[in-house]
Amino acid sequence: MPHLPALTAALLASAALGPASAQAPQVAFRPFLSGLNQVTAITHAGDGSGRLFAAQQDGRIRVVQGGKVSGELFLDLRALTRAGGERGLLGLAFDPAYKTNRRLFVHYTDRNGDTVLARYIATADGRRADPGSAKTLFTAQQPYPNHNGGQLAFGPDGFLYLGLGDGGSGGDPQNHGQNLASPLGKILRFDVRGADAKPAPGNPFLNRQGVNPNIWAYGLRNPWRFSFDRQTGDLIIADVGQNAFEEIDWQPRSSKGGENYGWRVREGRQCFEESCRAGSYVEPVLVYGRQEGQSVTGGYVYRGSAIPALKGQYVFADFASGTVWAARMTGRNWTKSVLGRVSGPSTFGEDERGELYVAEYSSGRILKLTRGG
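The notes below deal with the structure included here. (Residues numbered from 1 in each chain as written. Predicted model: local features only at pLDDT ≥ 70, side-chain atom pairs only at ≥ 80, totals over all residues. Heavy atoms only, no water.)

Time to look at the pairing of strand β18 (residues 245-251). β18 sits mainly inside the fold: six of its seven residues count as buried. Here strand β17 (residues 235-239) pairs with β18 via five bridges, running antiparallel. Following the sheet pairing, Ile237 is matched in β18 by Asp249. Where β17 hands over to β18, the hairpin turn is made up of five residues, counted between the paired strands. (Buried < 20%, exposed > 50% of the residue type's maximum accessible area, 1.4 Å probe, protein only. Helix = DSSP H or I, 4+ residues; strand = E, 2+ residues; numbered from the N terminus. Pairing = 2+ DSSP bridges.)

In this section: the layout of surface pockets. Considered as a void within the structure, the largest pocket measures approximately 620 Å³ in volume. Together, 29 residues line the largest pocket, and Thr43, His44, Ala153, Phe154 and Glu350 are the ones closest to its centre. Breaking the lining of the largest pocket down by element, the ones donating at least two residues are β2 (39-43), β7 (89-94), β11 (152-154), β16 (223-228) and β26 (345-350). Residues that form the lining of the largest pocket fall into these classes: 15 nonpolar, nine polar and five charged. Each pocket or cavity is described by its volume, and for the second largest pocket that value is around 230 Å³. In this structure, the second largest pocket is lined by 13 residues; those nearest its centre are Gly50, Asp351, Arg353, Tyr357 and Lys368. Tallied by class, the residues present in the lining of the second largest pocket amount to four nonpolar, four polar and five charged. (1 Å grid on protein atoms, 1.4 Å probe; cavity = no way out; pocket = protein on both sides within 12 Å on 5 of 7 lines; lining within 4 Å. Points joined across faces, edges and corners; volume = space filled by probe spheres on them. Nonpolar A, V, L, I, M, F, W, Y, C, P; charged D, E, K, R; others polar.)

The next point concerns empty space enclosed by the protein. In total, this model carries two cavities of 30 Å³ or more according to the counting rule given. When its volume is computed, the largest cavity comes out at roughly 70 Å³. In terms of lining, the largest cavity is formed by 13 residues, of which the most central are Asp239, Val240, Glu247, Glu267 and Gly268. Going through the elements one at a time, β18 and β19 (266-267) are the ones with two or more residues in the lining of the largest cavity. Counting residues per element, the lining of the largest cavity draws most heavily on β18, which supplies three residues. Of the residues belonging to the lining of the largest cavity, the class tally is four nonpolar, three polar and six charged.

What follows is about the state of the cysteines. According to the stated counting rule, one finds one disulfide in the structure shown. Across a sulfur-sulfur distance of 2.4 Å, Cys271 and Cys276 are joined as a disulfide pair. Residues Cys271 and Cys276 are joined through a disulfide that is left-handed, its torsion about the S-S bond being -85 degrees. For Cys276, a relative accessible area of 24% translates into the label partly exposed. (Disulfide = S-S within 2.5 Å.)

With respect to topology, four strands assemble into an open sheet ordered β7-β8-β9-β10, the strand pairing being antiparallel. Each having just a single partner strand, β7 and β10 (129-140) make up the two edges of the open sheet. With direction set aside, neighbouring strand axes in the sheet form an average angle of 25 degrees. Bridge analysis of β7 against strand β8 (residues 103-109) gives five bridges, and the strand direction is antiparallel. Considered in β8, the bridge of Leu92 is made with Val106. (Axes fitted to C-alpha atoms, helices over the stretch in contact; angles between N-to-C directions.)

Moving on to unusual backbone geometry. The amide bond that connects Trp263 to the next residue, Arg264, takes the cis arrangement and shows omega of 10 degrees. You can see Arg264 is positioned in the loop between β18 and β19. Positioned with a positive phi, Arg102 is a non-glycine residue whose angle comes to about 60 degrees. For Arg102, the location among the structural elements is in the loop between α2 (98-101) and β8. Of note in this structure, His147 is not a glycine but carries a positive phi near 60 degrees.

With that settled, consider the sheet that holds strand β25 (residues 335-341). In spatial order, the strands read β22-β23-β24-β25; together these four strands make up an open sheet with antiparallel pairing. If you trace the sheet from one side to the other, it starts and ends with β22 (296-301) and β25, each paired once. Each neighbouring strand pair of the sheet contributes to a mean axis angle of 25 degrees, computed without reference to strand direction. As paired elements, β22 and strand β23 (residues 314-318) share four bridges and run antiparallel to each other. Across the sheet, Tyr300 pairs through a bridge with Val315, a residue of β23.

This part is about the side chain of Gln313. Tracing the chain through its elements places Gln313 in the loop between β22 and β23. Classification of Gln313 by relative accessible area gives buried; the value is 3%. Here Gln313 is in contact with Pro25, Tyr300, Val301, Tyr302, Ala326, Ala327 and Arg328, once residues within four sequence places are set aside. (Contact = heavy atoms within 4.5 Å.)

Just distances and angles here, no functional claims.
Written out as structure tokens, the structure is:
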């Protein structure tokens, strides 16, 4: 799903399920369910129900329980979005207090292609979200149809984080990534505890004239999936590259925000602009080039119990090549090893127990990571 127009049939064909690397933990990708095409988000509600929720790009949110998809839609946004390319329903997050307040949040592009962050409230029985409860909390104009980002997640601080791409086209022609007045090319951080979405207390640019107060971090091209390590609280961002490099950025739990990850001045660890000016750019912890893939899909630090050898490693993939890696997190220079290959990995998901899932965009399958060997 990220960078979809750049894919070719040959690249997708090369992403068939493959063996795990000898240097990596032995992991199997077990078919969990099928029939859900173009899944863009997999998450849980933290309500003890054991359910998973799968968001499809066309606007549908499906309930998954016991490996089966409910026939009843949890929420249907198809009338509000026009899916295709890199547009559609892109993010889903449940309030940390969902069990009592029944609040959930979605990020989608509207029928004009612009960003919408909206809140819904689930019915008392929890079977679906009430369409009549919709409240738009934040919008952003998108100048081009690509690089809409998409991830939506609550941090360990209880605030809601939204990742947006640089607005699209190629090379960030409007320089949104470095423009602090723009919400594009950023990680935004909201306080949604009340009736509205407000800039979260402690946001690094909260009181600076002419700067968007919602910004938490900037200098991103198209953050396609970020996640918080459920044990340490660290933030890990996968940022899709332009010409040469895909990158993983890491922000420790102790961060006060304000990091500049460099785009469009830099791509990966290299200069992108001819006049590559000096600056306080935060270097990625991991970079890979076009010989290994061309569109990173971020995942999670594994904190489950089914694969002991994988614990504490960051699992991520490349949408084009289908390669799935595990990265050992050592300081600011991480090393990765191949776990296997799947077809068009569009998103990862984590259940309440910390077990991981990966969606194949076109095949409609969701696979569960299990111990191999």
